[in-house]
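Commentary on secondary and tertiary structure
So you can see what is in the structure, the chains are spelled out below.
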Amino acid sequence: MVSLLEPFIDTVVVCTLTALVIIVTNADTGGSIMTYGVKSPDGVLATSKAFATVMPWFPYMLTVACGFVCFLNHDLLVILRFTKLDVPFWQV
């Protein structure tokens, strides 16, 4: 039961709240974050701008979080490449 809770919180709660913040703050700022119907090239930038309208320090926290994710994913791939594991990286 506990293992089902984490994907639910990640996908449903966090992603939905992030999308709602982007939609609501975009409406409040007159559409300056992103234009509806036009593909946004950078979701991190839209998220950063949306949350910065409420919390000015949020872009710094998002930068650190994205850096951790990039570093940890790169670190995992390097470990898998230089070890003799015959396990594809998506099964780790």
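Since this is a predicted model, take the numbers as computed values, not measurements.

Structural notes on the overall build of the protein chain
Within the protein chain, the secondary structure is distributed over three helices and zero strands. Evaluated residue by residue, the protein chain yields a buried proportion of 13% over its 92 residues. Within the protein chain, counting contacts between residues at least 6 apart in sequence, those at least 24 apart form 31% of the total.

Topic: the confidence of the model for the protein chain
Do not read the predicted coordinates in detail wherever pLDDT is low. Taken over all residues, the pLDDT of the protein chain has a mean of 77, while the share at 70 or more is 72%. Mean pLDDT per element in the protein chain: helix 3 (residues 58-82) is the minimum at 76, and helix 2 (residues 43-52) is the maximum at 84.

A closer look at a nonpolar patch on the surface
A cluster of nonpolar side chains, contributed by L5, F8, I9, V12, V13, V14, L17, L20, I23, V24 and Y36, occupies part of the molecular surface with about 970 Å² of accessible area. Counting through the fold element by element, V14 comes out in helix 1 (residues 2-28).

Focus on the side chain of T47
Its location among the elements puts T47 in helix 2. For T47, the residues in contact, after removing those within four places along its chain, are T18, I22, F58 and L62.

Side note on the environment of N26
For N26, a relative accessible area of 1% puts it in the buried group. N26 sits 27 residues away from T53 along the chain, and the two C-alpha atoms are 9.6 Å apart. Those residues within four positions of N26 in sequence are excluded, and the remaining contacts are G31, S32, I33, M34 and Y36.

Here is what the cut-offs are and how they apply
- Residues numbered from 1 in each chain as written.
- Predicted model: local features only at pLDDT ≥ 70, side-chain atom pairs only at ≥ 80, totals over all residues.
- Heavy atoms only, no water.
- Helix = DSSP H or I, 4+ residues; strand = E, 2+ residues; numbered from the N terminus.
- Buried < 20%, exposed > 50% of the residue type's maximum accessible area, 1.4 Å probe, protein only.
- Contact = heavy atoms within 4.5 Å.
- pLDDT = per-residue confidence, 0-100.
- Patch = residues over 30% accessible without salt bridge, like charges linked within 9 Å, V, L, I, M, F, W, Y side chains within 5 Å.
- Areas by Shrake-Rupley, 256 points an atom, 1.4 Å probe, with all protein chains shown as cover.
- Salt bridge = Lys/Arg side-chain N within 4 Å of Asp/Glu carboxyl O.

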